[in-house]
Amino acid sequence: MNSQHHSTGWDAFQSASRFRRAIRKFDPAPIPEADLRAVLAEAALAPSSGNLQPYELHWVRDPALKAAIAQACNGQNAAASAQDLIIVVASPALGRLTAKAQLAHVESAANLGESTKAHYRKQTGLFQRILGIGSSALWSPLVFLAALLNPGLSLLPLGHVGSRNWAARNAVYAAQSILLGAAAKGIDSCPMEGFSATKLARLLGLPRGSVIVVVIALGYRADDARIEDRWRRPLDEIVVLHR
Ligand SMILES: Cc1cc2nc3c(=O)[nH]c(=O)nc-3n(C[C@H](O)[C@H](O)[C@H](O)COP(=O)(O)O)c2cc1C
């Protein structure tokens, strides 16, 4: 890839990144279904630990369900005025299912050598154990204690809370791809964590063990949508340069 290619990509990326703002009032104009489908296809390419993709993207277009979900988002206007909602749902069980599917894919892949297959078998086996017995609540008191003594261990993917946290963390990359991908298509969004998880889980029929990572409201910004100047901490406070 030459540098020209890179700089073209940069301009497009930067303009999408600058266009993306948390929009809380959307226009009644619908989003073409094909546009969102294309955005979701790119979001599916987001990275995840061990490629375990422990998430589902619930795409809600049904007006009645949308209205009920907006209610469950504490009646937030972003959700109520959104054209489409995408709810990012994660769980260790989805990671386990992927591990199985991935292993089957690898075993049947004609173009992979035996040593590559052996590597995948080993790695997938490890992940399956972590997401299997590792997600048992029996680990939870140990993880709690470990994190108390050494805060750096707070994100261990063990125990019922730790493994769900792990799944949620892995789903965030896909969520960000949705936000930026939508922006690249001129579609506005608002990521939301202000919702009742219990109500949403019931509305979506989620199995026990699922966590709702974020609700993404989508649409085109209304002419009178309030957009404040962007504020961020100074870059040299965010970036800690070691050199
Ligand atoms: C995980 C997450 C949860 C958020 N939850 C809400 C929310 O419930 N309601 C809302 O209006 N904005 C919500 N936001 C949007 C943030 O307020 C917004 O991204 C932030 O103020 C920065 O503004 P910008 O996105 O326009 O750059 C959320 C953002 C993230 C990443």
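Quantities reported herein were computed from a predicted structural model and do not represent experimental measurements. (Residues numbered from 1 in each chain as written. Predicted model: local features only at pLDDT ≥ 70, side-chain atom pairs only at ≥ 80, totals over all residues. Heavy atoms only, no water.)

What follows is about the packing of helix 2 (residues 33-43) against helix 8 (residues 159-184). Closest axis-to-axis distance for the helix 2/helix 8 pair is 8 Å, and the angle between their directions is 140°. Viewed along their axes, helix 2 and helix 8 adopt a mutual orientation that is oblique. Helix 8 is crossed by helix 2, and the crossing has right-handed handedness. Residues Val39, Leu40 and Ala43 of helix 2 pack against Ala174, Ser177, Ile178, Gly181 and Ala182 of helix 8. Taken together, the residues that form the contact of helix 2 with helix 8 break down as six nonpolar, two polar and no charged. (Axes fitted to C-alpha atoms, helices over the stretch in contact; angles between N-to-C directions. Helix = DSSP H or I, 4+ residues; strand = E, 2+ residues; numbered from the N terminus. Parallel < 35°, antiparallel > 145°, perpendicular 65-115°, else oblique. Left-handed = near helix turned anticlockwise from the far one by under 90°. Contact = heavy atoms within 4.5 Å. Nonpolar A, V, L, I, M, F, W, Y, C, P; charged D, E, K, R; others polar.)

Counted by the stated rule, this structure contains nine salt bridges. Salt-bridge contacts for Lys25 lead to Asp224; the nearest nitrogen and oxygen are separated by 2.7 Å. With Lys25 in the loop between helix 1 (3-19) and helix 2 and Asp224 in the loop between strand 4 (211-219) and helix 10 (235-238), this residue pair connects regions lying 199 residues apart in the sequence. A relative accessible area of 34% places Lys25 in the partly exposed class. A residue is classified by how much of its surface remains accessible, and Asp224, at 51% relative accessible area, is exposed. Close ionic contact of Arg37 with Glu33 constitutes a salt bridge, the shortest N to O distance being 3.2 Å. Within this pair, Arg37 and its partner Glu33 are both found in helix 2, separated by four residues, close to a single helical turn. Residues participating in the shared-partner salt-bridge network are Glu33, Arg37, Arg61 and Asp84. (Salt bridge = Lys/Arg side-chain N within 4 Å of Asp/Glu carboxyl O. Buried < 20%, exposed > 50% of the residue type's maximum accessible area, 1.4 Å probe, protein only.)

Moving on to the layout of surface pockets. Here the largest pocket defines a volume of roughly 310 Å³. What lines the largest pocket is a set of 13 residues, and nearest its centre among them are Arg21, Ala22, Arg24, Arg226 and Glu228. Of the residues in the lining of the largest pocket, the class split is four nonpolar, no polar and nine charged. By volume, the second largest pocket amounts to about 210 Å³. Looking at side-chain class alone, the lining of the second largest pocket contains three nonpolar, two polar and three charged residues. (1 Å grid on protein atoms, 1.4 Å probe; cavity = no way out; pocket = protein on both sides within 12 Å on 5 of 7 lines; lining within 4 Å. Points joined across faces, edges and corners; volume = space filled by probe spheres on them.)

Inspection of the entire model under this criterion finds zero disulfides. Here Cys73 is not disulfide-linked; the sulfur of Cys190 is the nearest cysteine sulfur, at 9.7 Å. Residue Cys73 is classed as buried on the basis of its relative accessible area, which comes to 0%. Since its relative accessible area comes to 3%, Cys190 is described here as buried. (Disulfide = S-S within 2.5 Å.)

Now for the side chain of Ser91. Counting through the fold element by element, Ser91 comes out in the loop between strand 2 (84-90) and helix 5 (92-108). The exposure class assigned to Ser91 is buried, which follows from its relative accessible area of 6%. Discounting chain neighbours no more than four positions away, the residues touching Ser91 are Pro54, Ala167, Gly209 and Ser210.

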